[in-house]
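Chain by chain, the residues:
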Amino acid sequence: MPSKSQPAGKLISFEGSEGSGKSTQIARLAAHLQEIGREVVATREPGGTEIGEQIRNIIVHNSKGDEMCPETELLLFTAARAQVVREVIAPALARGAVVLTDRYLDSSTVYQGIARNLAPGPVSEINRFAVGEIMPHLTLVIDVPTEVSLSRIRQRATDLPDRMERENISFYTKVREGYLLLAKQWPERVVVLDGTLSPDALDKKIWTEVQMRLE
Ligand code: TYD
């Protein structure tokens with residue numbers, strides 16, 4: 001338990017499709033938090049630990065990747081998550097840090113559950129098993145129209161797109177709609193932000209939202 005002088009740890013997850021600008025906003029939020037004296041731990045999924053990075057390679061860059069079935073994909077993403085929760089996130093929260101994670105369990109709900117059509121019951125149970133008690137205090141979904149997201153992916157691709165990036169417009173439309181649905185289901189936790197705003201405007205909105213939750 002945090003002592004009187006130690007602030008309560010907070011977990012903030014960033015979600016949204018590829019090219020939504022999550023990493024820029026995570027860096028900016030980390031800077032704001034550090035300015036007010038908070039310890040910040042930034043991590044990402046899949047990855048965030050050595051084991052997780054190895055799993056990430058299997059999922060995203062494996063040459064046999066296109067043969068991977070959705071069930072395997074779900075179990076690999078959640079395996080990486082189980083590791084980062086216990087190795088990085090839970091200890092940081094116990095120290096009173098603010099943990100910023102680039103994706104968390106909602107990515108599995110949306111990508112494997114909604115977009116890849118796996119049954120919601122098992123996806124939710126496997127997710128719960130992976131995270132234990134560690135749920136986000138706040139989830140920021142950076143929402144961009146599917147066409148914007150796809151064109152940003154194409155612009156930034158320096159080499160061949162990875163296997164998730166090769167998905168088509170209908171997949172990414174499902175991803176986007178999936179996140180909007182989650183925000184309706186969990187309005188206290190999940191906040192949708194307009195990712196077509198300028199980075200500065202988005203940064204201001206995020207910082208306002210986070211300050212309210214830190215109190
Ligand atoms: P990444 O290169 O990190 O993409 P981004 O910068 O958009 O986060 O690749 C992660 C990919 O894995 C991305 O396409 C989303 C997908 N993903 C899932 O499908 N399920 C998950 O549970 C997670 C964490 C990610």
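See the structure above.
Along each chain, the written sequence defines residue order, and numbers are assigned to residues from 1. Per-residue local features are limited, in this predicted model, to residues with pLDDT of at least 70; the limit for side-chain atom pairs, both in listing and counting, is 80 or more; totals at the level of whole chains, interfaces and linings are taken over all residues. The side-chain values count all of the structure's non-hydrogen atoms but skip hydrogen atoms and water molecules.

(A) Just the environment of Ala119, in detail. Numbering of helices and strands runs from the N terminus; a helix is a DSSP stretch of H or I covering at least four residues, while a strand is a stretch of E covering at least two. Mapped onto the secondary structure, Ala119 falls in the loop between helix H4 (105-115) and helix H5 (120-131). Residues Ala119 and Thr109, spaced 10 residues apart in sequence, show a C-alpha to C-alpha distance of 9.6 Å.

(B) Fine view of the pairing of strand E4 (residues 138-143). Buried, partly exposed and exposed residues are distinguished by accessible area as a fraction of the type maximum, computed with a 1.4 Å probe on protein chains only: under 20%, between the cut-offs, and over 50%, respectively. Of all the six residues making up E4, six are buried; the element is thus mostly covered by neighbouring parts of the structure. Of the two faces of E4, the one lined by Leu138, Leu140 and Ile142 and the one lined by Thr139, Val141 and Asp143 are each fully buried. The sheet contact formed by strand E1 (residues 10-15) and E4 spans four bridges and is parallel. Looking across to E4, one finds that Ser13 is bridged to Thr139. When DSSP finds two or more bridges between two strands, those strands count as paired. Judged from the five bridges that link them, E4 and strand E5 (residues 190-194) form a sheet pairing that is parallel. Its bridge partner being in E5, Ile142 is matched across the sheet by Leu193.

(C) Fine view of empty space enclosed by the protein. Residues are said to line a cavity or pocket when one of their atoms sits within 4 Å of a point; the points come from a 1 Å grid over protein atoms alone, cavities being sets where a 1.4 Å probe fits but cannot get out and pockets being open sets with protein on both sides within 12 Å along at least five of seven lines. Grid points are joined across faces, edges and corners, and a volume is the space filled by probe spheres set on the points. One pass over the structure, following the stated rule, counts one cavity of 30 Å³ or more. Considering only enclosed or pocket space, the largest cavity measures out at about 70 Å³ in volume. Every residue lining the largest cavity is listed: Gly16, Ser17, Val141, Ile142, Asp143, Val144, Thr146, Tyr172, Arg176 and Tyr179. Secondary structure elements with two or more residues in the lining of the largest cavity: E4 and helix H7 (169-185). Residue composition of the lining of the largest cavity, grouped by class: five nonpolar, three polar and two charged. Gly is placed with the polar residues, together with every amino acid not listed as nonpolar (Ala, Val, Leu, Ile, Met, Phe, Trp, Tyr, Cys and Pro) or charged (Asp, Glu, Lys and Arg).

(D) Inspection of the sheet that holds strand E2 (residues 40-44) at higher detail. In space, the five strands of this open sheet follow the order E2-E3-E1-E4-E5, with parallel pairing throughout. On the outer flanks of this sheet lie E2 and E5, each paired with one strand and no other. On average, adjacent strands in this sheet sit at an angle of 20° to one another, irrespective of strand direction. Of the pairings in the sheet, the one linking E2 to strand E3 (residues 98-102) comprises five bridges and is parallel in character. Every axis corresponds to a line fitted to the C-alpha atoms, with the helix fit spanning only the stretch in contact, and the corresponding angles, defined between N-to-C directions, vary from 0 to 180 degrees.

(E) Representation of unusual backbone geometry. Looking along the chain, the bond that leaves Glu45 and enters Pro46 is cis, with omega of -10°. Mapped onto the secondary structure, Pro46 falls in the loop between E2 and helix H2 (50-61). The backbone of Arg103 sits at a positive phi, close to 85°, despite the residue not being glycine. Position of Arg103 among the secondary structure elements: in the loop between E3 and H4.

(F) Summary view of the site of the ligand. When we say a residue is near a molecule or strand, we mean one of its heavy atoms is within 4 Å of it. For the ligand, the set of nearby residues contains 13 residues, the closest of which are Glu18, Lys22, Arg103, Ser108 and Gln112. Here a polar contact is recorded for every N or O atom pair within 3.5 Å, except that within protein the pair must consist of a potential hydrogen donor and a potential acceptor, and residues adjacent in sequence are included only if both atoms are side-chain atoms. The side chain of Arg81 places a nitrogen or oxygen atom 2.9 Å from an oxygen atom of the ligand. Here the Shrake-Rupley method, with its probe set to 1.4 Å, supplies the accessible areas, and only the displayed protein chains count as covering residues. Relative to its unbound accessible surface of 540 Å², the ligand loses 91% to contact with the protein. Any molecule with more than half of its atoms within 2 Å of a cavity's or pocket's grid points is counted as sitting in it. Of the pockets mapped on this structure, the ligand occupies the largest pocket.

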